[in-house]
Amino acid sequence: MTCAEAFQAYALRALGHGERRLPQADIGVCEQIVLIGSGMIWNVYFAILALSFGFVFAVALALAKNSRTLLLRKPAEWFIFVFRGSPLFIQFFMAYEAFVLLPRVGIEFTFLGVAIEAETRWLARAWLGALIVLFLNTSAYSAEIFYGALRAVPKGDLEAADAYGLTGWKKFRRVVFPTTMRLAWPAYTNEAIFLFHSTALVFFSSFPAFQQMGDALYYANYFADRTFNPFIPYPIVAVYFVLFTLVIIALFGAINRRLNRHLPQEARPRLRYRPQVIR
């Protein structure tokens, strides 16, 4: 099979389009590159949605943790502590077990006097169940980053806002939030990169792929088992992750320059990628 034929047959297989049957014999490098690249669609899907929803939730958690109200502060502190204090893989395992057990016991609630049983089997699928775990995990880590930046907002900025008569929401929107993002963005960039790398753990978690529409490691593992040569598919996965990491650095770097556009060139913080050995 030529590279063009492999692309036509397998480019969108991870989404359920194209050839349904995986290559069985005479597996070439083109088939591996195309199918693993197709699986990367799911890794990108997990990363984009988890980061997007996690960013909003993390900001809310950071504000709650910084609140003087005990009923807001304590739940936020415990949420952040639990998800930062436990390994991500264990969170995958616990969530899957919970989502599998829910349909067995059933969930019943009453609406207008009518008992309704909710089906939750779809939560045990990777496309949603694993996404929820990644969303909660990155929300906790990002919230701690934003909380630290929120506490580090210079008092001079707050005093200047008070001098201009800014209070409440206007003060938060024009002074506190932009400064918080400017201070937190380098660390948040590393969190975004690490979250994208963490999407590889979805394959090792218990969440199953639907109809063999798996992520990049799903296909890499298949090729390694079929060809008895792991030194081709796994480096291909690594190259894809490096390329997408460069995209994240470029995108977040552009946002960082936008956030610091008012500062002199020499005073603008530069993004530095600091890989984490353990989460």
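Residues numbered from 1 in each chain as written. Predicted model: local features only at pLDDT ≥ 70, side-chain atom pairs only at ≥ 80, totals over all residues. Heavy atoms only, no water.

Some points on the overall build of the protein chain
Reasoning step 1: The helix and strand inventory of the protein chain stands at 10 helices and two strands.
Reasoning step 2: Beginning at the N terminus, the succession of helices and strands in the protein chain can be written as α-α-α-α-β-β-α-α-α-α-α-α.
Reasoning step 3: A sequence separation of at least 24 residues applies to 74% of the contacts in the protein chain between residues at least 6 apart.
Reasoning step 4: Per element, the accessible surface of the protein chain, about 16000 Å² overall, is 65% carbon and sulfur. (Helix = DSSP H or I, 4+ residues; strand = E, 2+ residues; numbered from the N terminus. Contact = heavy atoms within 4.5 Å. Areas by Shrake-Rupley, 256 points an atom, 1.4 Å probe, with all protein chains shown as cover.)

So, the state of the cysteines
Reasoning step 1: For the structure shown, the criterion picks out one disulfide.
Reasoning step 2: Disulfide pairing places Cys3 opposite Cys30 at an S-S distance of 1.7 Å. Within this pair, whereas Cys3 is found in helix α1 (residues 3–10), its partner Cys30 is found in helix α2 (residues 29–65), the two being separated by 27 residues in sequence. (Disulfide = S-S within 2.5 Å.)

With respect to empty space enclosed by the protein
Reasoning step 1: Throughout the structure, instances matching the rule amount to one cavity of 30 Å³ or more.
Reasoning step 2: Computed from the structure, the largest cavity encloses a volume of approximately 50 Å³.
Reasoning step 3: Looking at the largest cavity, the residues that line it are Val59, Ala62, Leu63, Phe146, Leu150, Phe172, Phe177, Thr180 and Met181.
Reasoning step 4: Contributions of two or more residues to the lining of the largest cavity are made by α2, α5 (126–151) and α7 (168–198).
Reasoning step 5: It is α7 that contributes the most residues to the lining of the largest cavity, four residues altogether.
Reasoning step 6: Considered class by class, the residues forming the lining of the largest cavity number eight nonpolar, one polar and no charged. (1 Å grid on protein atoms, 1.4 Å probe; cavity = no way out; pocket = protein on both sides within 12 Å on 5 of 7 lines; lining within 4 Å. Points joined across faces, edges and corners; volume = space filled by probe spheres on them. Nonpolar A, V, L, I, M, F, W, Y, C, P; charged D, E, K, R; others polar.)

Description of a nonpolar patch on the surface
Reasoning step 1: On the surface, a cluster of nonpolar side chains totalling about 500 Å² of accessible area is made up of Phe89, Ile90, Phe93, Met94 and Phe204.
Reasoning step 2: With four residues, helix α4 (residues 88–105) is the largest single contributor of residues to the nonpolar patch.
Reasoning step 3: Locating Phe93 in the fold gives a position in helix α4. (Patch = residues over 30% accessible without salt bridge, like charges linked within 9 Å, V, L, I, M, F, W, Y side chains within 5 Å. Salt bridge = Lys/Arg side-chain N within 4 Å of Asp/Glu carboxyl O.)

Description of the packing of α2 against helix α10 (residues 233–259)
Reasoning step 1: Viewed as axis vectors pointing N to C, α2 and α10 meet at an angle of 45°, and their least axial separation amounts to 10 Å. The pairing of α2 with α10 is recorded here as oblique in orientation. As for the relative orientation of α2 and α10, their crossing is right-handed in sense. Contacts from Gln32, Ile33, Ile36, Gly37, Met40, Asn43 and Val44 of α2 reach α10 at Pro233, Ile236, Val237, Tyr240, Phe241 and Phe244. (Axes fitted to C-alpha atoms, helices over the stretch in contact; angles between N-to-C directions. Parallel < 35°, antiparallel > 145°, perpendicular 65-115°, else oblique. Left-handed = near helix turned anticlockwise from the far one by under 90°.)

What about the packing of helix α6 (residues 155–163) against α7?
Reasoning step 1: Relative to each other, α6 and α7 sit at 170°, their axes nearing to 11 Å. Judged by the inter-axis angle, α6 sits roughly antiparallel to α7. Crossing hand, α6 versus α7: right-handed. Residues Asp157, Leu158, Ala161 and Asp162 of α6 form the contact with α7, whose own contacting residues are Lys171, Val175, Val176 and Thr179.
Reasoning step 2: For the contact of α6 with α7, the residue count by class is four nonpolar, one polar and three charged.

Some thoughts on the nonpolar core
Reasoning step 1: Among the nonpolar cores identified, the biggest contains 68 residues, and Ile36, Phe46, Phe92, Leu134, Phe146 and Phe207 are the most heavily contacted of them.
Reasoning step 2: For this core, the leading source of residues is α2, giving 14 residues.
Reasoning step 3: Sequence-distant contacts of Phe92, defined by excluding residues within four places in its chain, comprise Ala130, Val133, Leu134, Leu201, Val202, Ser205 and Phe207. (Core = buried A, V, L, I, M, F, W, Y, C linked by side-chain atoms within 4.5 Å. Buried < 20%, exposed > 50% of the residue type's maximum accessible area, 1.4 Å probe, protein only.)

Let's talk about the side chain of Lys65
Reasoning step 1: One can find Lys65 in helix α2.
Reasoning step 2: In this structure the side chain of Lys65 is engaged in a polar contact, spanning 2.7 Å, whose partner is the side chain of Glu144.
Reasoning step 3: Leave out the neighbours within four places in its chain, and Lys65 touches Arg73, Ala76, Glu77, Ile80, Glu144 and Tyr147. (Polar contact = N/O pair within 3.5 Å; in protein donor to acceptor, adjacent residues only side chain to side chain.)

Overview of α10
Reasoning step 1: For α10, spanning 27 residues, the distance from its first C-alpha to its last is 39 Å, which sits close to the expected 39 Å at 1.5 Å a residue.
Reasoning step 2: Of the residues making up α10, those classed as buried are Pro233, Ile236, Val237, Tyr240, Phe241, Thr245, Ile248, Phe252, Gly253 and Asn256.
Reasoning step 3: As for α10, its buried residues are in contact with α2, α7 and α9 (216–227). (Expected span 1.5 Å × (residues − 1).)

Examining the layout of surface pockets
Reasoning step 1: In this structure, the largest pocket occupies an estimated 340 Å³ of space.
Reasoning step 2: Looking at the largest pocket, the residues that line it are Leu63, Asn66, Arg68, Leu150, Arg151, Leu158, Gly168, Lys171, Phe172 and Val176.
Reasoning step 3: Residue assignment for the lining of the largest pocket shows that the elements contributing at least two residues are α5 and α7.
Reasoning step 4: Take the lining of the largest pocket: its biggest share by element is four residues, from α7.
Reasoning step 5: Each residue belonging to the lining of the largest pocket can be placed in one class, and the counts come to five nonpolar, two polar and three charged.

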